[in-house]
Amino acid sequence: MNFIIQYIDVLWLPLGLLAVHKPQRGWAAGFFIGCMVMMRLQAELIISTGYENGFLGLFETSVHRRGQIAYSVFYVLYIALAVYSPNTKGVILMAASISMFFTAMLVSMIVMII
């Protein structure tokens, strides 16, 4: 059961690829996979220091779980961005994907540290 919960966010990948428009699927796949890898790297970094509930320990949930929640919010925002702007492609979509990726990374790091 722990394995399933640890990788439950992988379900966002097919859901996101089905939700976005066909020309946007490449950048969407890159965004989702990049976020999934980054979330696991951030969680491993914090857990390796010995603080499994974050540095401040204000929440009792694990760092990994809080990362999944934070990134899930950004997955929903990304899908909404892609669905409601169907003609966005190329450089504009790449810039939006990169911006959303770094925003998700910074916000999730703050959520994980708390």
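Preceding this section is the structure that the text describes.
As the structure is a computational prediction, the values presented were derived from the model and not from experiment.

This part covers a nonpolar patch on the surface. Judged by side-chain polarity, Met1, Phe3, Ile4, Ile5, Tyr7, Ile8, Val10 and Leu11 come together as a nonpolar surface patch covering roughly 820 Å² of accessible area. When you line up the elements, phenylalanine 3 lands in helix 1 (residues 2-6). A residue is classified by how much of its surface remains accessible, and phenylalanine 3, at 60% relative accessible area, is exposed.

A word on the pattern of salt bridges. As enumerated under the stated definition, the model contains 1 salt bridge in all. Measuring nitrogen to oxygen at the nearest pair gives 2.8 Å for the salt bridge that ties arginine 40 to aspartate 9. A residue pair is termed long-range when its members are at least 10 positions apart, and arginine 40 in helix 3 (residues 25-48) and aspartate 9 in the loop between helix 1 and helix 2 (12-19) qualify at 31 residues. Judged by its relative accessible area of 18%, arginine 40 is buried.

Packed helices, taken two at a time, are described by the angle their axes make and the gap between the axes. Running from N to C, helix 3 and helix 5 (residues 91-113) cross one another at 20°; their axes reach a closest spacing of 10 Å. Judged by the inter-axis angle, helix 3 sits roughly parallel to helix 5. Where helix 3 crosses over helix 5, the two elements pack in a sense that is right-handed. Contact with helix 3, carried on its side by Trp27, Phe31, Gly34, Cys35, Met38, Met39, Gln42, Ala43, Leu45 and Ile46, involves Leu93, Met94, Ser97, Met100, Phe101, Met105, Ser108, Met109, Met112 and Ile113 of helix 5 and no other residues of that element. Taken together, the residues that form the contact of helix 3 with helix 5 break down as 16 nonpolar, 4 polar and no charged.

Conventions adopted
- Residues numbered from 1 in each chain as written.
- Predicted model: local features only at pLDDT ≥ 70, side-chain atom pairs only at ≥ 80, totals over all residues.
- Heavy atoms only, no water.
- Patch = residues over 30% accessible without salt bridge, like charges linked within 9 Å, V, L, I, M, F, W, Y side chains within 5 Å.
- Areas by Shrake-Rupley, 256 points an atom, 1.4 Å probe, with all protein chains shown as cover.
- Salt bridge = Lys/Arg side-chain N within 4 Å of Asp/Glu carboxyl O.
- Helix = DSSP H or I, 4+ residues; strand = E, 2+ residues; numbered from the N terminus.
- Buried < 20%, exposed > 50% of the residue type's maximum accessible area, 1.4 Å probe, protein only.
- Axes fitted to C-alpha atoms, helices over the stretch in contact; angles between N-to-C directions.
- Parallel < 35°, antiparallel > 145°, perpendicular 65-115°, else oblique.
- Left-handed = near helix turned anticlockwise from the far one by under 90°.
- Contact = heavy atoms within 4.5 Å.
- Nonpolar A, V, L, I, M, F, W, Y, C, P; charged D, E, K, R; others polar.

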